[in-house]
Amino acid sequence: MFESLTSRFSGAFSSLRSKGKISSSDIETTCQEIRQALLESDVALSVVEDFIADIRQKSLGALPTLQSGTNQANAIFEIVNASLIEILGGQARRVRFAKNPPTVIMLAGLQGAGKTTLAGKLAKFYAEQGNTPLLVASDLQRPNAVTQLQVVGESVNVPVFAPEPGNGRGNPVKVAKDGIEFAKSKMYNMVIVDTAGRLGVDEDLMKQASDIRDAINPDEILFVVDAMIGQDAVRTSQAFLDGVGFDGVVLTKLDGDARGGAALSIASMTKRPIMFASTGEKLHEFDVFYPERMASRILGLGDVATLAEQAKKAFDTDTSAKLEAKFASGEDFTLEDFLDQLQAMSKMGNMSKLLGMLPGAGQMKKQIENFDEGEIVRTTAIVQSMTPTERRDPKVLNGSRRARIALGSGRKVSDVNNLVDRFTAAQKMMKQVRNGGMPAGMPPGMAMPAMPKVNAPVNKKKKSKSGNPAKRAQEEG
Amino acid sequence: MGLFSKFIAKIKGTNDFSPADWAELEQELLSSDVGPKLAKEFLDAAKKVKSDNAEEALIEIMTQNLSKSSHEPITVNGTTTIMVVGVNGTGKTTSVAKLASYYKRNGKSVVLAAGDTFRAAAVDQLKTWGERIGVLVISGKENGDPASVAFDGAQNAQKSQSDVFIIDTAGRLHNKSDLMAELAKVKRVVEKVSPINEVLLVIDATTGQNGLQQAKIFTESVEVTGIVLSKLDGSAKGGVALAIEAELGIPIKWIGTGESEGDFAPFDAQSYIKGLLA
């Protein structure tokens, strides 16, 4: 019951991959598993049925043309992936800028979806790209929503147009209209209008929203929706589409553990692209939405593209070039590299979020969620207490060395052991990934789409001699 | 009349329905957010129902899935201490205000603690409510330690011998272990002054199956004793709360149905279940 969509999908595909030759009944089983996975993650039933029908047809159609072996499972997987991306909106769309500034963006959504926070994030996002946004406080309903927007505006250094105190007083339509005039007179090139949360069934408030729309003629109306929303996503998004209309969707609270469901339903039902994803309470935790990345996340492929981008911001070019070269050349990943990474990572912020983007993260979900951020500090201390030799070759770590390291870092010997064990396992996994052999649950060649299989060294262990003398003789012979 | 009622009308007095009817019923059950597991259970049960009172029979099956724990709000002699928790944007602050208003109208003295020191202007939001309702709001600095605000509030409530003391907390996603630890700390610190009698988790009625996970993890860290199902005035039916009752045994205690302080009532099983089927 508590399994995430991701691990459900992983399960469905790992059982498919365990088959040598896939029959049409295997495809049916996989389709049923995917159906269940989608329903448990709140995708609307009609969307699920369409999706399943689509992939069933495509998979069955592709079946006769497939070679036997694991490629079959991967081809099916690719079909599912492509269908997901298609529903999620294909290529990501960007905000359309008005020919005559200001570009007007209006936010609409249910109560508590995260509109006010999002307003701040959008303002920050566009200000950083050299725009001059103005925030307009048209949520005069919720107590102190205006104050909240002012605080948010202040922290991102964007001015807030708030002539009315709110708390039920003032006319939101007039505020929005005056805001646009104000922006024009002060030469702001972008206006972001925050509006009150409203229910799809509340006709009066929906009318108010369409009045605001008619008064300001926005270039983009963004429907802001909580990623945790359930089946009501369909009714509510339809109500907003009918009541006020929208051009794009923003998914908020994607840093929670609800993924995918709402995104799929809304994108599929409304045919409006998801444009932005909000991933935290801090005002920089926000990005444009990438359908292919989201699909990867749903399928448990990890979000390597986002991870790489984040890493780019934090790692200096030297470190990352070094690492990249190392990875490609097939050299072993050492504790020294690990230390570099740890230090860069602490610059990147929240660890659990980063780990969640890794391929196969679905299966480590529990551990990732329970990740203790202080762990980085402690782990760094342990590695720093090692000599350069030890960092390069952890095999030399005997008992007395480990005791010394524990003492030096203020940890227990068992902590040191733990780190070394985990590091060895990770090293092994990376080797496997590079060699194209995936850790269980990952399709070959998919986990790291950008990773070329060049210079993959032959695994020497594979050539090791058999323990059985007869067999060994045979091998050597 | 909802799809479900139409369906019931259709099957009354017959046991001969087509697969299309079952698909329709499944659709209806799923769309109330009870989740695929409960939906399947209800569907299987419905398939056995043949009598004229199919609707009653189904209501009974669904009612059986409610928690065996009492759905009555907890009150104790002396100060009843209530902590309100939940993920972001479910309506915690509004629920705190509504609770305060409810108790005030019932002749109780109430003290509130503005423990959401994180979200911009959340403290002001609660203070505005406090002025409207006429109850004391204890607050600290924005970005201050929520545990210390709650502690001050608890001491104040004790000293003034208030009947009810309610702590608002910042919204937090349940998968952020550091924030969950902070919440557990608030509880621990308050309990140095007086025990927390009730921990209410606010679940937004629009929430899907993720609500289960929310309830599970919040319970692990602060022992949730009841659910406030908020925003039930929209088109969402809040079926995930039934899944929470069935799966985790946590009772729904309050229902929120609007933005005014009066839009709030103790849980009523019958109208909730009927609402799911509407």
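Residues numbered from 1 in each chain as written. Chains lettered and ligands numbered in written order. Predicted model: local features only at pLDDT ≥ 70, side-chain atom pairs only at ≥ 80, totals over all residues. Heavy atoms only, no water.

Quick look at the overall build of chain A
Okay, so step 1: Each helix and strand in chain A was counted, giving 21 helices and 8 strands.
Okay, so step 2: Residues classed as buried in chain A amount to 53% of the 477 residues present.
Okay, so step 3: In the form shown here, chain A has an accessible surface area of approximately 21,200 Å², with 52% of it arising from carbon and sulfur atoms. (Helix = DSSP H or I, 4+ residues; strand = E, 2+ residues; numbered from the N terminus. Buried < 20%, exposed > 50% of the residue type's maximum accessible area, 1.4 Å probe, protein only. Areas by Shrake-Rupley, 256 points an atom, 1.4 Å probe, with all protein chains shown as cover.)

A short note on the confidence of the model for chain B
Okay, so step 1: Mean pLDDT over chain B: 89, with 90% of residues reaching 70 or higher.
Okay, so step 2: Mean pLDDT across the elements of chain B bottoms out in helix α1 (residues 3–11) of chain B (58) and peaks in strand β1 (residues 80–85) of chain B (98). (pLDDT = per-residue confidence, 0-100.)

Examining the environment of A:Ala44
Residues and elements named next belong to chain A.
Okay, so step 1: Inspection of the secondary structure assignment puts alanine 44 in the loop between α2 (24–40) and α3 (45–62).
Okay, so step 2: Relative accessible area serves as the criterion here: at 4%, alanine 44 is assigned to the buried category.
Okay, so step 3: Separated by 220 residues in sequence, alanine 44 and leucine 264 have C-alpha atoms that sit 8.4 Å apart.
Okay, so step 4: Beyond its immediate sequence surroundings of up to four residues, alanine 44 is in contact with Gln231, Val234 and Ser265. (Contact = heavy atoms within 4.5 Å.)

Observations regarding empty space enclosed by the protein
Okay, so step 1: Tallying each qualifying case throughout the model produces 4 cavities of 30 Å³ or more.
Okay, so step 2: Considered as a void within the structure, the second largest cavity measures approximately 100 Å³ in volume.
Okay, so step 3: Lining the second largest cavity are 16 residues, and of these A:Gly112, A:Asp226, B:Asp204, B:Thr206 and B:Thr207 sit closest to its centre.
Okay, so step 4: Of the residues belonging to the lining of the second largest cavity, the class tally is 6 nonpolar, 8 polar and 2 charged. (1 Å grid on protein atoms, 1.4 Å probe; cavity = no way out; pocket = protein on both sides within 12 Å on 5 of 7 lines; lining within 4 Å. Points joined across faces, edges and corners; volume = space filled by probe spheres on them. Nonpolar A, V, L, I, M, F, W, Y, C, P; charged D, E, K, R; others polar.)

What about the nonpolar core?
Okay, so step 1: Formed by 162 residues in total, the largest nonpolar core has its most connected members in A:Leu122, A:Phe276 and B:Leu242.
Okay, so step 2: Ranked by size, the runner-up nonpolar core spans 23 residues in total, among them B:Leu99, B:Leu126, B:Val137 and B:Ile166. (Core = buried A, V, L, I, M, F, W, Y, C linked by side-chain atoms within 4.5 Å.)

Regarding helix α9 (residues 210–222) of chain B
Each α-helix winds once per 3.6 residues, and so residues spaced three or four apart point in a common direction.
Residues and elements named next belong to chain B.
Okay, so step 1: Taking 1.5 Å of rise per residue, 13 residues should cover 18 Å, and α9 covers 18 Å from first to last C-alpha, within 8% of that figure.
Okay, so step 2: Among the residues of α9, Asn210, Gly211, Leu212, Gln213, Gln214, Ala215, Ile217, Phe218 and Val222 are the ones counted as buried.
Okay, so step 3: At its buried positions, α9 is contacted by β1, α8 (177–190), β5 (198–204) and α10 (240–248).
Okay, so step 4: At the C-terminal side of α9, glutamate 223 shows a positive phi close to 50 degrees. (Expected span 1.5 Å × (residues − 1).)

Concerning the packing of helix α8 (residues 203–216) of chain A against helix α9 (residues 232–243) of chain A
What describes two packed helices is the angle between their axes and the distance between those same axes.
All names here are of chain A.
Okay, so step 1: Across the interface, α8 lies against α9 with an axial gap of 9 Å and an inter-helix angle of 45 degrees. Considering their axes alone, α8 and α9 lie oblique with respect to each other. Helix-helix and strand crossings are classified by hand; for α8 and α9 the assignment is right-handed. Every residue of α9 that contacts α8 at Met206, Ser210 and Arg213 is listed here: Ala239, Phe240 and Gly243.
Okay, so step 2: Of the residues that constitute the contact of α8 with α9, the class distribution is 3 nonpolar, 2 polar and 1 charged. (Axes fitted to C-alpha atoms, helices over the stretch in contact; angles between N-to-C directions. Parallel < 35°, antiparallel > 145°, perpendicular 65-115°, else oblique. Left-handed = near helix turned anticlockwise from the far one by under 90°.)

A word on the pattern of salt bridges
Residue and element names in this part refer to chain B.
Okay, so step 1: Overall, the coordinates contain 28 salt bridges over all chains when judged by the stated rule.
Okay, so step 2: The partner of lysine 253 in a salt bridge is glutamate 198, and the shortest N-O contact between them spans 2.6 Å. Residue lysine 253 is found in strand β7 (residues 252–256), and its partner glutamate 198 is found in strand β5; the two are separated by 55 residues along the sequence.
Okay, so step 3: For glutamate 198, a relative accessible area of 0% corresponds to the buried category. (Salt bridge = Lys/Arg side-chain N within 4 Å of Asp/Glu carboxyl O.)

Quick word on the sheet that holds strand β2 (residues 133–138) of chain A
Residues and elements named next belong to chain A.
Okay, so step 1: Taken in spatial order, the 8 strands line up as β3-β2-β4-β1-β5-β6-β7-β8 in an open sheet, and their pairing is mixed. Single-partner strands in this sheet number two, and they are β3 (160–161) and β8 (286–288).
Okay, so step 2: Summarising the sheet, strand β6 (residues 248–252) and strand β7 (residues 274–278) pair through 3 bridges and their orientation is parallel. Bridging across to β7, leucine 251 finds its partner in alanine 277.
Okay, so step 3: Across the sheet, helix α6 (residues 145–156) touches β2, β3 and β4 (190–195), and the angle it forms with β2 is around 165 degrees.
Okay, so step 4: Taken strand by strand, α8 contacts β1 (103–109), β4 and β5 (220–226), and its axis lies near 175 degrees from that of β1. (Pairing = 2+ DSSP bridges.)

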